Protein chains: 2
Amino acid sequence: MGQNAGGGAGEFEIIAALRVLAGSPRSDLRVGSGDDAAVIDLGLGRLLLLSCDAQVEGVHFVTARIEPDRLGRRAAAGALSDIAAMGGHATHGLVSIIAPQRMAATVIEAVQRGIAAEMTRWGAAIVGGNLCRGPALSIELSVLGEVRSTDLLTRAGAREGDRLLVSGRLGAAAAGLRLASDAGLVVSTAARAEAVAAHERPAPRLDVARAIVRAGGATAAIDLSDGLAADLGHLLTASGVGAWIDAGRLPIAGSTIEVAQALGIDPLDLALHGGEDYELLLTAPAESVAALCAAVAGGSDVELTEIGEVRARGAGIRLGLTDGERALDPIGYRHF
Amino acid sequence: MGQNAGGGAGEFEIIAALRVLAGSPRSDLRVGSGDDAAVIDLGLGRLLLLSCDAQVEGVHFVTARIEPDRLGRRAAAGALSDIAAMGGHATHGLVSIIAPQRMAATVIEAVQRGIAAEMTRWGAAIVGGNLCRGPALSIELSVLGEVRSTDLLTRAGAREGDRLLVSGRLGAAAAGLRLASDAGLVVSTAARAEAVAAHERPAPRLDVARAIVRAGGATAAIDLSDGLAADLGHLLTASGVGAWIDAGRLPIAGSTIEVAQALGIDPLDLALHGGEDYELLLTAPAESVAALCAAVAGGSDVELTEIGEVRARGAGIRLGLTDGERALDPIGYRHF
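Residues numbered from 1 in each chain as written. Chains lettered and ligands numbered in written order. Predicted model: local features only at pLDDT ≥ 70, side-chain atom pairs only at ≥ 80, totals over all residues. Heavy atoms only, no water.

Trainee: Quick question: what am I supposed to make of helix α10 (residues 286–299) of chain A here?
Mentor: All names here are of chain A. In a regular helix each residue adds 1.5 Å, so 14 residues correspond to 20 Å; α10 covers 21 Å between its end C-alpha atoms and thus fits that length. Burial in α10 covers these residues: Ser288, Val289, Leu292 and Val296. Angular distribution of buried residues about the axis of α10 spans 115°; they occupy a single face of the element. Opposite its buried face, α10 presents the exposed residues Glu287, Ala290, Ala294 and Gly298, each directed more than 90 degrees away. The inward-facing, buried residues of α10 abut β7 (163–167), α6 (206–215), β10 (280–284) and β11 (304–311). (Helix = DSSP H or I, 4+ residues; strand = E, 2+ residues; numbered from the N terminus. Expected span 1.5 Å × (residues − 1). Buried < 20%, exposed > 50% of the residue type's maximum accessible area, 1.4 Å probe, protein only. Arc of directions from axis to C-beta. Contact = heavy atoms within 4.5 Å.)

Printed below as a string of structure tokens:
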């Protein structure tokens, strides 16, 4: 949710302004704007999670280059990922589609089918929606989730000395976006398949979240929508800490490396600043790491990798390289 | 929610398809797609209401002709109105804005301020949102509400013999839209002020809903977003009944009459088919009408007017005129 607000400073000022103009104060609001999902206290230890995500033609995707059902799946994954980042499970969704008049009903139906398939996969019901015309295809999802009060993960709990862990592999979605944008890039068939799948069918890590919550010990979490550097920056800001990342331990996807080579850029750029991986980044004290890794390996298709540690606030983000270390700017994909 | 899906048959087919592809079935879903808001059972007699509404530049408004804060208020009113139609009160909202790159941050902030002001007025908190760029300004609101299980109003409860009641006055928002679209229309200053206010600052009838629920007796309700004829059609379809409306009893706004005269059209056209009045249409047995009217007069700025009655299904919608009666087509504003 917050992340989709993207990178530009102007945008964050606006989001900050929205936080000030937040309507009526309500005593049941546990977490408002500024985390992956809003958290509303339903009482009796139950928390309601609320998140939204938008996918806009020409900004997040190019219609001609993606099958409409995959577009639907991608839109759903973005909103479901926010629920995962809070340690929750998804329950219900609202779908709002703006579609150009020229667009065939079959295309819109395929988008809806993709959304429904992804929601069904995670046990969530689509309970309503909107459809109206407009200049470009836009898919907007609001997803509800639930989490027990004791299981809630936010961005704000990281403590100095905690380890940084990330699920899955990094940069493949950004690599897939580059392949979709430049038909001339030459990479292996396997790399193309991996990157295109990551871009078109990102997997919200609700299974990873369930395993993390079951294992216990995690102190903070965020999902990677803007890229590791930017989203780590959000988590550190919310927690009031800094971090050190070991570049050599980053689980960079094989396709990321191949696409970066074809582009003549450093794979680290895609792994650190490429958006829409939708992996989970979390922090936990050293003594919880083994149990967390075992739980995730047993409860999902992916693994957790330890990539660094939480440092004191003044440290900023430091990136350890084979030949020294440097400051890492928390920047990602900029919408504005 | 459902209403914003608008008029075209193609659209309703798509919405119907979405209902089939509704993700996982869930036992806590009391009402899904096809009413003003989705209804989720929270247990202990508490129902969660969930609705969304989109306002798109060039479709629902023309940016140059409306102040951005009023645009925000209007967007909020549309989603809040759905909560009113279920007999509920609004609690929380998510705001998603798509804005062109050329748009100044101050304009976006003004939109947000308008949304926040309208939400605050009804005690609802804005708990999160999204901002991204796109080809045209689009404002999407998801609003949560709550209603006691015993107070829930749906579209589906109308029974033959029930009276039809509507809040406020009809057609002024459509009249305001015509004035905004045609600077050459000549009407009185008072009529212009009324119509422009109805168009730019529609009032969600949450206070009317509260009064209705307190009085008791209402059997079904819907809010007027597509126009009386279309929304009555939705209510009748959901309830499996027909209706008779007395044209002479319709509370047509004074501005509607003046604008219709200036346009050379029948004021009934605007009152019956003009969208975005956001009044409530309800049904109740004859013996409840007096108490409902008294409660609404005492609890809000507007009055309820009895405009007709519920008939058997086969009757369709009949419109009684001074010189006879005719069938009324349940059509409203068409997005597609």
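Trainee: Even after reading the chapter, I still don't get the sheet that holds β7 of chain A, so can you show me in this structure?
Mentor: Whether parallel or antiparallel, the strands of a sheet pair through hydrogen bonds between backbone atoms. Residues and elements named next belong to chain A. Sheet architecture is open: seven strands sit in the order β8-β10-β7-β11-β9-β12-β13, paired in mixed fashion. In the strand order of this sheet, the two ends are held by β8 (220–223) and β13 (324–327), each with one partner. Neighbour-to-neighbour, the strand axes of this sheet turn through a mean angle of 25°, independent of strand direction. In this structure, β7 lies alongside β11, joined through five bridges in antiparallel fashion. Directly across from Ser167, in β11, lies its bridge partner Leu304. With respect to the sheet, helix α2 (residues 68–85) is in contact with β8 and β10, its orientation differing from that of β8 by roughly 175°. Those strands touched by helix α7 (residues 228–239) are β7, β8, β9 (242–246), β10, β11 and β12 (317–321), and its axis lies near 145° from that of β8. (Pairing = 2+ DSSP bridges. Axes fitted to C-alpha atoms, helices over the stretch in contact; angles between N-to-C directions.)

Trainee: What's the story with the sheet that holds strand β3 (residues 46–56) of chain A in this structure? I'm lost.
Mentor: Residue and element names in this part refer to chain A. With respect to topology, six strands assemble into an open sheet ordered β1-β2-β3-β6-β4-β5, the strand pairing being mixed. Each edge of the open sheet is held by one strand with a lone partner, namely β1 (29–31) and β5 (125–133). Each adjacent strand pair in this sheet contributes to an overall mean axis angle of 20°, direction not counted. Bridge analysis of β3 against strand β6 (residues 138–148) gives eleven bridges, and the strand direction is antiparallel.

Trainee: Looking at this structure, how should I read the environment of Thr120 of chain B?
Mentor: Residue and element names in this part refer to chain B. Counting through the fold element by element, Thr120 comes out in helix α3 (residues 105–121). Taking relative accessible area as the criterion, Thr120 reaches 38% and is therefore assigned partly exposed. As for Thr120 and Ala90, which are separated by 30 residues in sequence, their C-alpha atoms are 9.9 Å apart. Separated by 2.7 Å, the side chain of Thr120 and the backbone oxygen of Ala116 make a polar contact. (Polar contact = N/O pair within 3.5 Å; in protein donor to acceptor, adjacent residues only side chain to side chain.)

Trainee: Just checking my understanding: could you explain the confidence of the model for chain A for this structure?
Mentor: Interpreting fine coordinate detail is not advised for predicted regions of low pLDDT. Residue and element names in this part refer to chain A. For chain A, mean pLDDT is 89; residues scoring 70 or higher make up 92% of the total. Confidence drops under a pLDDT of 50 for residues 2–10, and excluding neighbours within four residues, the segment shows 37 contacts in the predicted structure. Interface predicted TM-score (ipTM) for the complex: 0.83; the corresponding pTM is 0.87. (pLDDT = per-residue confidence, 0-100.)

Trainee: I'm lost on the state of the cysteines in this one. Help?
Mentor: As used here, a disulfide is simply a covalent bond connecting the sulfur atoms of two cysteines. Taken as a whole and assessed by the stated rule, the structure comprises zero disulfides over all chains. Between Cys52 of chain A, a cysteine without a disulfide, and Cys132 of chain B, which holds the nearest cysteine sulfur, the sulfur-to-sulfur distance is 9.9 Å. When its relative accessible area of 0% is taken as the criterion, Cys52 of chain A is described as buried. (Disulfide = S-S within 2.5 Å.)

Trainee: Would you take a moment to explain the pattern of salt bridges for this structure?
Mentor: Side chains bearing opposite charge may pair, as long as their charged atoms lie close to each other. Residue and element names in this part refer to chain A. Using the criterion set out here, one finds 30 salt bridges over all chains in the structure. For Asp35, the salt bridge identified is with Arg155, shortest N-O distance 3.6 Å. Note that Asp35 is positioned in the loop between β1 and β2 (38–43) and Arg155 in the loop between β6 and β7, a separation of 120 residues in sequence. The residues Asp35 and Arg155 share a single accessibility class, namely buried. Between Arg311 and Glu309 there is a salt bridge, with its nearest N and O atoms 3.3 Å apart. Three or more residues joined by partner-sharing salt bridges are found here, namely Asp35, Asp36 and Arg155. (Salt bridge = Lys/Arg side-chain N within 4 Å of Asp/Glu carboxyl O.)

Trainee: What should I look at first to understand the environment of Ala174 of chain B in this one?
Mentor: Residue and element names in this part refer to chain B. With respect to the helices and strands, the residue Ala174 is situated in helix α4 (residues 172–181). Accessibility expressed as a relative area gives 9% for Ala174, which makes it buried. The sequence separation of Ala174 and Ala315 amounts to 141 residues, and the corresponding C-alpha distance is 28 Å. Apart from the residues within four sequence positions on either side, Ala174 is in contact with Leu270, Gly274 and Gly275.

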